[in-house]
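Working through the structure, step by step
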Amino acid sequence: MDQNSLKRRIDVSSKRIPADLVIKNGQIVDVYNLEITHGDIAIVDGYFAGIGEFEGHQIIDANGRYVCPAFIDGHVHIESSMVTPAEFCKVLLSHGVTTVITDPHEIGNVAGSEGISFMLQQSENLPLDVRVMLPSSVPATPFENAGAELTALDLESFYKHPRVLGLAEVMDYPAVFNGNTDMLAKILSAEKNGSSIDGHGAGLNSTGLNVYRSALITTDHECTTADEALERIRRGMYVLIREGSVAKDLKPLIKAVTPSNARRFLFCTDDKHLDDLVAEGSVDHNVRLAISEGISPLQAIQMASLNAAECYGLKDKGAISPGMQADFLFIEDLENLKIQDVFVSGKRVAANGEFIEVLETAAPPAPSLTKSVNIRSVKKENLSVKVEDGSFIHVIEIIPNQLITKKKIYPAPVQNGEFKPSITEDLLKMAVVERHKQTGNIGLGAVKGLQLKTGAIASTVAHDSHNLVAAGTNDEDMLTAIEAIKEMQGGYVIVKDRKVLASVPLPIGGLMADRSFEIVNQEIITLKQKLKDIGFIGNFDPFLTLSFLTLPVIPEIKLTDLGLFDFHAFQHISIKAEK
């Protein structure tokens, strides 16, 4: 801000000159005192300049509606929406979210620094304020193969970017605990640049939490119980209450929120698919759900705005008060939180649930980002799992709508000396094919609970290394699915009887579409409808579930391109087991 801008704000606030815009007859949500106040709201140069009685060049009558600070998503991976930042912007603004704290580690794991630069470039000059945390763990662990490796030196130059806030979720706890040189360098680089450091404390005990806080990590979004949340609050951390597409933690966590500690909680979505964003919303859904669970509307709004802003040092966001950026919403009913109008810097950008701005066409991605599925030819023998009659195997047992899995041991269904998927036991074959550098690595395992009766599904959305993951009832359909993914350079596919029933191409890094969100949303809806053709009738998303069965930093057992991974032992294990 220059001297002239500062003087204009002072002149408006002192009523020497009229405001650019004045909001009249609104019920103002005061997130500092958790009360409703009244008065004119003066706006100049996109910032609030005063509350009281004001004249302006433009007047908007709120007609008794609530004027509420816009929402902030405290932790989100834009790539998980499957659309580019510009298309993501259109969806979120219609739901009242005007600022996001994003971690581009999905595309970072595919394309390294080039991927981070792509996300920064694609999010320039959008009405959605995209703030970036730099990926801390690429790859997430040394027990899998990603498309890139990001060292502390690789990240250093990005701190000069005005929208980079800090170091994203530190998920490699052993690297912190053991004082890994590069991990400590990343933490110290963030600290030197005055930046925030996010945590990823899945499964951490009190010792782990002490280690994280001593390492300057201040947030966690991996709590799943109220007790876990309180343990983090006691150590001075912020807790991000997550409600995404697969990890739905709000209902258990909201029980930990009290008037005494509420200022240490905020909301996030983490990973939320496009169809869920369109249908139910982003952080606005978290707010509505929190209200339905007994949190007062004003408290829930405070968590979604002021708390998030303060957690990440966004000093000019999160409230309706002089000096703050004029990002606000018109809401008719605080209980149902129906958002009617959304303003960014005093300009209406969405009305009645529709984005109304026109965005500039973004530059296309580089060819290196659209040719990222590089796998060797996969043959039937590559999917063979040799087992003996009467033997037992380790099995990944899913918990619907949770990231956590159970490590189980089951008798192996055997045919001709090989593991054969069992429909009656709901025990399917799973494969993770390294797709970045043509190593030929294929991790094989068994998964229980996916509920497919025939066919196979496959995807390149496989957190966090985003190798090609497939699961199915037979090898032939799995091979067809793998080949289909290769041909369209990433995405989702359903196969039955060696024929593709439905697909969603994601050619940008194997993660994002090059089409409008409306088109992609319809493709996703069609994909899910076709799941019934392979017998799926479950109350969860099997694609989303499959995408997290490859994430070794989440308990208890996962599958990487190098094989089955035991979270608690923090090492690979054989598929063969002793009863």
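Note that the coordinates shown come from a computational prediction; the quantities given were computed from them, not determined experimentally.

Conventions adopted
Every chain is numbered independently, its residues counted from 1 as its sequence is written. Thresholds applied to this predicted model are a pLDDT of at least 70 for local features of residues and 80 or more for the giving and counting of side-chain atom pairs; totals over whole chains, interfaces and linings are not thresholded and use all residues. For the side-chain quantities, the full set of heavy atoms in the structure was used; hydrogens and water were omitted. Side-chain atoms within 4.5 Å link the members of a nonpolar core, which is a set of buried Ala, Val, Leu, Ile, Met, Phe, Trp, Tyr and Cys residues. Summary of the burial criterion: residues with accessible area below 20% of their type's maximum are buried, those above 50% are exposed, and those between are partly exposed, where the area comes from a 1.4 Å probe applied to protein chains only. Strands here are runs of E lasting at least two residues and helices are runs of H or I lasting at least four, both read from the DSSP assignment and numbered beginning at the N terminus. Any two residues whose heavy atoms approach within 4.5 Å are treated as being in contact. UniProt positions are given in the numbering used here, feature names are shortened, and annotations may be inferred rather than shown by experiment. In summary, the pairing rule links any two rings of Phe, Tyr or Trp, Trp by its six-membered ring, whose centres are within 6.5 Å, and it sorts them by plane angle into stacked for under 30 degrees, edge-to-face for over 60 and tilted for everything else. In this analysis the charged atom, NZ for Lys or CZ for Arg, is taken to sit over a ring once it is within 6 Å of the ring centre and within 35 degrees of the ring normal. DSSP-based pairing: two strands are paired if at least 2 bridges between them are found. Axes here refer to lines fitted to C-alpha atoms; in helices the fit is confined to the stretch in contact. Angles between the N-to-C directions go from 0 to 180 degrees. To obtain the arc, one takes the directions from the helix axis to the C-beta atoms. Geometric relationships in this document are graded by angle, where less than 35 degrees denotes roughly parallel, more than 145 denotes roughly antiparallel, 65 to 115 denotes roughly perpendicular, and other angles denote oblique. If you view the pair so one helix is near and one far, a crossing is left-handed when the near helix is turned anticlockwise from the far one by less than a right angle, and right-handed when it is turned clockwise. Three classes are used, and their members are as follows: Ala, Val, Leu, Ile, Met, Phe, Trp, Tyr, Cys and Pro are nonpolar, Asp, Glu, Lys and Arg are charged, and the others, Gly among them, are polar. When a carboxyl oxygen of Asp or Glu is within 4 Å of a side-chain nitrogen of Lys or Arg, the pair counts as a salt bridge.

A separate point is the nonpolar core. The tendency in soluble globular proteins is for nonpolar side chains to be buried side by side. Counting 174 residues, the largest nonpolar core has Ile23, Phe71, Ile241, Val287 and Phe328 as the members making the most contacts within it. It is helix α3 (residues 105–122) that provides the largest number of residues to this core, a total of seven residues. Non-local contacts of isoleucine 241, meaning those with residues more than four positions away in its chain, are made with Leu250, Leu253, Ile254, Val257, Phe265, Leu266, Phe267, Cys268, Asn286 and Met303. In terms of nonpolar packing, the next biggest core, distinct from the first, is built from 14 residues, Ile72, Leu266, Cys268 and Tyr312 among them.

Before going further, it helps to examine the UniProt feature "domain: Amidohydrolase-related" (unreviewed entry) in the protein chain. When the UniProt feature table is mapped onto this chain numbering, "domain: Amidohydrolase-related" (unreviewed entry) sits at residues 66–349. Helix makes up 36% of residues 66–349 and strand 20%, whereas the separation of the span's terminal C-alpha atoms amounts to 17 Å.

Glancing now at the environment of proline 142. Tracing the sequence through the fold places proline 142 in the loop between β10 (129–134) and α4 (152–156). According to the relative accessible area criterion, proline 142 is exposed, its value standing at 60%.

What follows covers the packing of aromatic side chains. All chains considered together, the criterion is met by twelve aromatic pairs. Centroid distance tyrosine 173 to tyrosine 212: 5.7 Å. Interplanar angle 55°. Geometry classified as tilted. You can see tyrosine 173 sitting in helix α5 (residues 173–177) and its partner tyrosine 212 sitting in helix α7 (residues 206–214), a full 39 residues away along the chain. Taken as a pair, tyrosine 173 and tyrosine 212 share a single burial class, namely buried. On the basis of an interplanar angle of 90° and a centroid distance of 5.1 Å, the ring pair of tyrosine 492 and phenylalanine 543 is categorised as edge-to-face. Here phenylalanine 543 lies in helix α17 (residues 542–548) and tyrosine 492 lies in strand β28 (residues 491–496), a separation of 51 residues in the sequence. Overall, the relative accessible area of 2% leaves tyrosine 492 in the buried class. For phenylalanine 543, a relative accessible area of 3% translates into the label buried. Cluster of aromatic residues (ring-pair linked, three or more members): Phe48, Phe328, Phe330 and Phe343. The ring centre of tyrosine 47 lies 3.9 Å from the NZ or CZ of arginine 9, which sits over that ring.

Most of helix α12 (residues 297–304) is tucked away: eight of the eight residues are buried. Of the positions making up α12, those classed as buried are Pro297, Leu298, Gln299, Ala300, Ile301, Gln302, Met303 and Ala304.

Strand order in the open sheet formed by four strands is β5-β4-β1-β6, and the pairing between neighbours is mixed. Only two strands of the sheet have a single partner each, and these edge strands are β5 (47–52) and β6 (56–61). Averaged over all pairs of adjacent strands, the angle between their axes in this sheet comes to 25°, without regard to strand direction. Pairing geometry for strand β1 (residues 19–24) and strand β4 (residues 40–44), over three bridges, is antiparallel. What sits directly across from leucine 21, in β4, is isoleucine 43.

Residue pairs three or four apart in sequence face the same way in an α-helix, which turns once every 3.6 residues. Those residues of helix α8 (residues 226–234) not exposed but buried are Ala226, Ala229, Arg232 and Ile233. Buried positions in α8, seen along its axis, are confined to an arc of 125° and lie on one side of it. Turned more than 90 degrees away from the buried face of α8 sit Asp227 and Arg234, all of them exposed. Downstream of α8 by one or two residues, glycine 236 has phi in the positive range, about 80°.

Below, the discussion takes up the UniProt feature "domain: Adenine deaminase C-terminal" (unreviewed entry) in the protein chain. Those places that UniProt annotates as "domain: Adenine deaminase C-terminal" (unreviewed entry) correspond, in this numbering, to residues 402–570. Helix makes up 20% of residues 402–570 and strand 33%. Its end C-alpha atoms lie 20 Å apart.

Turning to the packing of helix α11 (residues 283–292) against α12, a few remarks are in order. Contact pair α11 / α12: the axes reach a minimum separation of 9 Å and the direction vectors enclose 150°. Viewed along their axes, α11 and α12 adopt a mutual orientation that is roughly antiparallel. When the axes of α11 and α12 are compared, the crossing they make is right-handed. Between α11, through Val283, Val287, Ala290 and Ile291, and α12, the contact on the second element is made entirely by Pro297, Ala300, Ile301 and Ala304. Taken together, the residues that form the contact of α11 with α12 break down as eight nonpolar, no polar and no charged.

This paragraph deals with the sheet that holds strand β19 (residues 354–355). The sheet built from seven strands is open, its strands ordered β3-β2-β7-β16-β17-β18-β19 with mixed pairing. The open sheet terminates on both sides in strands that have one partner only, identified here as β3 (35–38) and β19. Bridge analysis of strand β2 (residues 27–30) against β3 gives four bridges, and the strand direction is antiparallel. Following the sheet pairing, aspartate 30 is matched in β3 by glutamate 35.

Next up on the list: the environment of phenylalanine 548. With respect to the helices and strands, phenylalanine 548 occurs in helix α17. The class for phenylalanine 548 is buried, based on a relative accessible area of 5%. Distance in space between the C-alpha atoms of phenylalanine 548 and histidine 161 is 31 Å, their sequence separation being 387 residues. Residues within four places of phenylalanine 548 in sequence aside, it is in contact with Val246, Asp271, Leu403, His463 and Lys558.

This part takes up the pattern of salt bridges. If you walk through the whole model with that rule in mind, you get 33 salt bridges. Lysine 90 is paired through a salt bridge with glutamate 87; the nearest N and O atoms lie 3.0 Å apart. In this pair, lysine 90 and glutamate 87 both sit in helix α2 (residues 85–93), three residues apart, roughly one turn of the helix. For glutamate 87, a relative accessible area of 12% translates into the label buried. Salt-bridge contacts for glutamate 280 lead to lysine 272; the nearest nitrogen and oxygen are separated by 2.9 Å. Taken together, the shared-partner salt bridges connect Asp129, Arg131, Lys317 and Asp327 into one network.

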